Amino acid sequence: LENQLYACLGSGNCYKPWLASKQLDIPLDVHLIDVLSGEQKSAEYLSINPLGVVPFFVTNTGISIGESNAMLWYLAEDTHLMPADPAMRAQALQWMFFEQTKLEPFISPARFFTTILPHLQDEKRTEIATWQTNAVPGLARLEQHLTTQNFMLPHGYSIADISLFGYVHVVSEAGFTLADYPSIAKWIDRVQATQNYQSLANLGHSQASLVA
Ligand SMILES: N[C@@H](CCC(=O)N[C@@H](CS)C(=O)NCC(=O)O)C(=O)O
């Protein structure tokens, strides 16, 4: 039995555990779920994940894990992507909660209705503007942090970076310009230069261009 990842193309949340598995060389079977056609609510998928969302992870010992950042935590245990020091582990978690509360809820839907379903952009104009406004404080805080640090944690590249990278590296697809965030832009370059890095477009292999 291999680790199983249920994922959809183009998703920052799905990308996070997949990228970690690639960088750590952890074997993983990827099952693509077509969220745009509602496959995540099919009886077959609900029997695997009753919440009907992706990503979803089943370990090679048969244990189910929801939430992309929880998957990162599991995959990185005892590796260079997880700090050993308890206070640093807590800082990793701190940034992962920051990602899920201050950035992902705004960048993800703004990007969805701008880039993934652009025909809904006009209809969603007001909501998109609100999501964009709400993402600014989080992006400003990240920019400030990365002005003095190469990576999120002082010891170097970690799951905190992977967590934030998922949506922040595609923030231009949500209507932002990275020129406004020069330290974030340089951090994106540094993450892309880490060992065994794989782009979001490679998630699900060649089919990823459908929603790139
Ligand atoms: N907080 C969750 C977010 C999961 C999530 O929102 N998944 C989206 C795709 S990125 C989804 O499955 N949407 C389809 C639906 O809700 O029906 C995580 O980090 O894993």
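What you see is a predicted model, and the numbers here were worked out from it, not measured in a lab.

K.L.:
Residue-level account of the packing of helix α3 (residues 68–76) against helix α4 (residues 86–116), with values.
P.N.:
The interhelical angle for the contact between α3 and α4, taken along N-to-C directions, is 155°, at an axis separation of 10 Å. As far as their axial angle goes, α4 and α3 are roughly antiparallel. Relative to α4, α3 is oriented so that their crossing is right-handed. Between α3 and α4, the residues in contact are Ser68, Asn69, Leu72 and Trp73 and Arg89, Ala92, Leu93, Met96, Glu99 and Gln100, respectively. The residue makeup of the contact of α3 with α4, split by class, is five nonpolar, three polar and two charged.

K.L.:
So what's going on with the site of the ligand? Which residues, and what values?
P.N.:
If you check the shell around the ligand, you find 13 residues, and the closest are Gln40, Val54, Glu67, Ser68 and Gln100. The contact in question runs from a nitrogen atom of the ligand to an N or O atom on the side chain of Glu67, over 2.7 Å. The fraction of the free accessible surface of the ligand (510 Å²) that becomes covered by protein chains is 74%. Its atoms largely coinciding with the cavity grid, the ligand occupies the largest pocket. Per-class residue counts for the shell around the ligand are five nonpolar, six polar and two charged.

K.L.:
Please give an account of the packing of aromatic side chains that cites residues and values.
P.N.:
Aromatic ring pairs are described here by two measures, namely the spacing of the ring centres and the angle between the planes. With the rule as written, the count across this model stands at ten aromatic pairs. Ring plane angle 35° and centroid distance 6.3 Å describe the contact between Tyr15 and Trp18, whose orientation is recorded as tilted. Of this pair, Tyr15 and Trp18 both sit in helix α1 (residues 12–24), three residues apart, roughly one helical turn. Plain terms: the ring middles of Tyr15 and Phe165 are 6.2 Å apart, the flat faces sit at 45° to each other, and that makes the pair tilted. Here Tyr15 is found in helix α1, whereas its partner Phe165 is found in helix α6 (residues 159–168), with 150 residues between them in sequence. Phe165 gets classed as buried once you look at its relative accessible area, which sits at 0%. Joined through ring pairs, the aromatic side chains of Tyr15, Trp18, Phe165, Trp187 and Tyr197 make up one cluster.

K.L.:
Tell me about the pairing of strand β1 (residues 3–7), and name the residues and values.
P.N.:
Here β1 lies mainly inside the structure; five of its five residues are buried. Of the two faces of β1, the one lined by Asn3, Leu5 and Ala7 and the one lined by Gln4 and Tyr6 are each fully buried. Pairing between β1 and strand β3 (residues 56–58): three bridges, direction antiparallel. Bridge pairing in β3 places Gln4 opposite Val58.

K.L.:
Explain α3 to me, and be specific about the residues and the numbers.
P.N.:
Given 3.6 residues to a turn, an α-helix orients residues that are three or four positions apart in the same direction. Of all the residues in α3, the buried ones are Ser68, Asn69, Met71, Leu72, Leu75 and Ala76. Summarising the axial view, the buried residues of α3 lie within an arc of 155°, below the 170-degree limit, and thus occupy one face. At its buried positions, α3 is contacted by β1, α1, β3, β4 (64–66), α4 and α6. Where α3 ends, the next residue or the one after it, Asp78, has phi of about 60°, a positive value.

K.L.:
How would you sum up the pairing of strand β2 (residues 28–32)? Please name residues and give values.
P.N.:
Strand direction decides the pairing type here: β1 and β2, joined by five bridges, are parallel. Paired with Gln4 across the strands is Asp29, a residue of β2. With α1 bridging β1 and its parallel neighbour β2, the resulting β-α-β unit is right-handed.

K.L.:
Explain the pattern of salt bridges residue by residue, including any values.
P.N.:
Enumeration according to the criterion identifies three salt bridges in this entry. Across the pair Arg89 and Glu77 runs a salt bridge, and its minimum N-O distance is 3.2 Å. Of this pair, Arg89 sits in helix α4 while Glu77 sits in the loop between α3 and α4, and the two are twelve residues apart along the sequence. Judged by relative accessible area, which is 22%, Arg89 ranks as partly exposed. Across the salt bridge formed by Arg111 and Glu173, the nearest N and O atoms sit 2.7 Å from each other.

What counts and what doesn't
Residues numbered from 1 in each chain as written. Predicted model: local features only at pLDDT ≥ 70, side-chain atom pairs only at ≥ 80, totals over all residues. Heavy atoms only, no water. Axes fitted to C-alpha atoms, helices over the stretch in contact; angles between N-to-C directions. Helix = DSSP H or I, 4+ residues; strand = E, 2+ residues; numbered from the N terminus. Parallel < 35°, antiparallel > 145°, perpendicular 65-115°, else oblique. Left-handed = near helix turned anticlockwise from the far one by under 90°. Contact = heavy atoms within 4.5 Å. Nonpolar A, V, L, I, M, F, W, Y, C, P; charged D, E, K, R; others polar. Near = heavy atom within 4 Å. Polar contact = N/O pair within 3.5 Å; in protein donor to acceptor, adjacent residues only side chain to side chain. Areas by Shrake-Rupley, 256 points an atom, 1.4 Å probe, with all protein chains shown as cover. 1 Å grid on protein atoms, 1.4 Å probe; cavity = no way out; pocket = protein on both sides within 12 Å on 5 of 7 lines; lining within 4 Å. Sits in = over half its atoms within 2 Å of the grid points. Phe/Tyr/Trp six-rings, centres within 6.5 Å; stacked < 30°, edge-to-face > 60°. Buried < 20%, exposed > 50% of the residue type's maximum accessible area, 1.4 Å probe, protein only. Pairing = 2+ DSSP bridges. Arc of directions from axis to C-beta. Right-handed = clockwise from strand over helix to strand, strands pointing away. Salt bridge = Lys/Arg side-chain N within 4 Å of Asp/Glu carboxyl O.

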